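# Overview (structure and organization)
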Amino acid sequence: MPTCLASGSGLLRSSVHPHRSSPGLHELATCASRKFAGCRRAPGVRRAALSTATVATTRPSKYEAQRAHALTVLHKTSALLPRILPSARPGPGGVTQRVSLKFWEDVLNKVHEDLSLSPDKKRDTVRIVVYGVDEQCSAKDLVTALLEDPFVSESQKVALRARWESQPEGSRSIHLQYGAASAEGDIVYVQSSWLQHFGVPVEVSEYKPSSTLETAKALFTADIPILLCNPTTTPLSSVLPASTNPPLPVSRKHTIVAIASPSPTHPTTAAQVPRIQALALNKGLRVVFVDPIRALHGLEQLAGAPSSPVAVQRYQDDVIGSNVSSVTHAVKDVIASAGGNSATPPGSPDVVAVHVQTGRAVIQDALLTCRYMLRHTELEADAVLTGTSSLRGQVEEAKARVRLEVFGTPDKNGDEIAKAVGQARKSVELTMGALQWYKLFWRVDDIREVVTAAVDRAWCRDLERKLVFQAGRLAALQGALKDSATALCRSFPPSSPYHSPVLHNSIERIVATPSYPLTAAVLTSPLHTRQSQLGIPTERLHASAQRAVITMSGSVLGGFGVAWAGWASELGLAGGFVNVGMGAETALGAGMLGAALGVRWAVARWDKARKRWWKDWERVGEGLDRDLKGALARSMDERVAVVAETACSGLEQMVTKRREEVEALKEEVHALEIEVDSRSSDKPS
């Protein structure tokens, strides 16, 4: 491809008026005009361009509609940023410059200043900022190679090369404009044809490597940022696709990334451009390879022997081989793209058009930062949900584990509750089996006490001791879950939207309630409640025993009475007053039959009363199973896991609200992106 570092060195200006006494220079000018045509205008053409630009500033700008549109979108973006970007100032331990609200407000204010039509506005220029990413990437060499003309006076060369010496110690930036060699503060005026090459006033700002906020603002507000990087000292992966100290505008298509290379024109070097663009995640990034030191060497060779054909040839080789002219072409394309198709640039692009182009690019960068922050907010919400899911997982795992630890794994004999009730039944059955009907006559008044004592001795004593032990373990689990929930809530810094003093207060109030501590009585109370419920069936059993004894006694006495009455009638006893109307043998049989039937009926009623008591036992046992499992479940929900559940629910509600806000903001950002893109492709006719 045609390469012209000569355009950056004022070579074509010399070729217009070649030195007659220097055939080597004439040959060089001819060669340069043939190889590098179009790289730089002659002075007459340049003067015409400047006069055209001057006329353009006196008439209504043809870019007024786009300027007004850019200002409208700029105001909308400025109003949107405080709702998305963090307001904390950038600094150690805080937010980065790239996402700081203060940084973007300053950047957008500068863009607004560029686009406004203030009568007090200073001379407007296209700002080109050259920045070396480290001390070894000397932006000074590149700026010198671009601006130094080969045939200027020694004083002008010294003014350019010694420009930093006129600046105060510690200065990090310098600004170069066209004019008679002089310096006013941080602005140095030099007579360089490169500054007049583009048909618009140009200011070249050179910044030393720095992570200051001013450097970042200058890079983002520049119309054309030129980033110089030496992969040998600073790997490209450390600055692409993102750099934080300072942030670099590599996502902008008007940014020029100049890679220092010892062989910038070699085909294998140019083949690295797609890889660098992919690394920067920007296919439209302008990437050039340059060797500024070689360009300066060529200038020194020519300055040492301007009449020597050998020096001229070396100069030409160094100028072409350094490929610095690719920077000039890239700058020219960026400026031309502001006025129309970059392939056929207009003759006099307006400075306002370049600022409009820069304003759109800055707005797009700001909206891209908003998208980044919204995505960061979504990831933060996902992280919160990950924390709540992990805590809920601990709770569910604890519930499943605790139930098995407390009640055991069911087998053919059931779980621990069924086994405890079954073991108690076996113990009570011994006492109940000893209460035969014939023993009721002398133990009838002790039935209630005997049965109650038997139940009290056998009623799930081992299960009760196990529940007391498990209650202690549940109290420890309660403390662990409370600590995990508290740690999760306090893991968010005060600046986080998920830092909620209200949620912290809710947790503290739950912990302070009297019902929060977990005691053994919480689990064992169903045992005592269900045991007390056996008192009523035992009372009924006691009453049944009394009725049975009375029935048996009455039946036996009645049977004996009938038999005696029969014998008394037969024997004429009692003065003949007793007459049952039957013989003695018949009366005896009837009495014995009545007694036997009465006893049998009483025994059946007693057995039925005992069976009814065992059915009540079974119902109490089934109720005990439900009560113990319910008590354990309520204890887990209302005591052990209540703090964790409150924390998770509170955080999830905040995440839901936050996501709704993010979705609404994403729609606004998308609308602004469409509005910017819809006019970015519109070029004035």
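Structural notes, computed from the coordinates.

The rules we used
- Residues numbered from 1 in each chain as written.
- Predicted model: local features only at pLDDT ≥ 70, side-chain atom pairs only at ≥ 80, totals over all residues.
- Heavy atoms only, no water.
- Helix = DSSP H or I, 4+ residues; strand = E, 2+ residues; numbered from the N terminus.
- Buried < 20%, exposed > 50% of the residue type's maximum accessible area, 1.4 Å probe, protein only.
- Contact = heavy atoms within 4.5 Å.
- Core = buried A, V, L, I, M, F, W, Y, C linked by side-chain atoms within 4.5 Å.
- Pairing = 2+ DSSP bridges.
- Axes fitted to C-alpha atoms, helices over the stretch in contact; angles between N-to-C directions.
- Phe/Tyr/Trp six-rings, centres within 6.5 Å; stacked < 30°, edge-to-face > 60°.
- Salt bridge = Lys/Arg side-chain N within 4 Å of Asp/Glu carboxyl O.
- Patch = residues over 30% accessible without salt bridge, like charges linked within 9 Å, V, L, I, M, F, W, Y side chains within 5 Å.
- Areas by Shrake-Rupley, 256 points an atom, 1.4 Å probe, with all protein chains shown as cover.
- Lys, Arg positive; Asp, Glu negative; His and termini not counted.
- Charge placed at Lys NZ, Arg CZ, Asp CG, Glu CD.

## Things to note about the environment of Q478
Along the chain, Q478 falls in helix α18 (residues 461–490). Given the relative accessible area of 6%, Q478 is considered buried. Taking the C-alpha atoms as reference, Q478 lies 9.8 Å from S635; in sequence the two are 157 residues apart. Aside from chain neighbours lying at most four places away, what touches Q478 is Y516, L518, R639 and V640.

## Some points on the nonpolar core
Residues W194, V204, I224, I226 and V331 are the most contacted members of the largest nonpolar core, which totals 68 residues. Top contributing element to this core by residue count: helix α6 (residues 139–147), with 6 residues. Membership of the second largest hydrophobic core comes to 66 residues, among which are L391, V402, A420 and L488.

## A look at the sheet that holds strand β5 (residues 202–207)
The strand order β3-β4-β2-β5-β1-β6-β7-β8 describes an open sheet built from 8 strands, whose pairing is mixed. With one partner strand each, in any of the chains shown, β3 (182–184) and β8 (286–290) form the two edges of the open sheet. Adjacent strand axes in the sheet meet at a mean angle of 25 degrees when their direction is disregarded.

## Focus on the packing of aromatic side chains
Under the criterion given, the structure shown has 9 aromatic pairs. Look at W104 and F220: their rings are 5.4 Å apart centre to centre, the planes differ by 75 degrees, and that puts the pair in the edge-to-face class. Of the two residues, W104 is situated in helix α5 (residues 101–115) and F220 in helix α8 (residues 213–221); the sequence distance between them amounts to 116 residues. Accessibility assignment for this pair places W104 and F220 in one class, buried. Here the aromatic cluster, defined as three or more aromatic residues joined through ring pairs, consists of W459, W613, W614 and W617.

## Quick word on the pattern of salt bridges
Close approach of charged atoms allows side chains with opposite charge to pair. Using the criterion set out here, one finds 34 salt bridges in the structure. Ionic pairing is found between E673 and R371, a salt bridge with its closest N-O pair at 3.0 Å. Of the two residues, E673 is situated in helix α23 (residues 642–680) and R371 in helix α14 (residues 351–407); the sequence distance between them amounts to 302 residues. Look at R371 and you get partly exposed, because its relative accessible area is 29%. Connected through salt bridges with shared partners, the residues K110, E113, D114 and R127 form a single ionic network.

## Some points on the pairing of β8
Of all the 5 residues making up β8, 4 are buried; the element is thus mostly covered by neighbouring parts of the structure. Where strand β7 (residues 256–260) and β8 come together, 5 bridges link them in parallel fashion. Looking at β8, one finds that I259 is bridged to F289.

## Quick notes on a positive patch on the surface
A cluster of basic residues, R547, R605, K608, K611, R612 and K615, forms a positive patch at the surface. Top contributing element to the positive patch by residue count: helix α22 (residues 584–640), with 5 residues. Classification of K611 by relative accessible area gives exposed; the value is 60%.

Take it as geometry only, folks, not as evidence of what the structure does.
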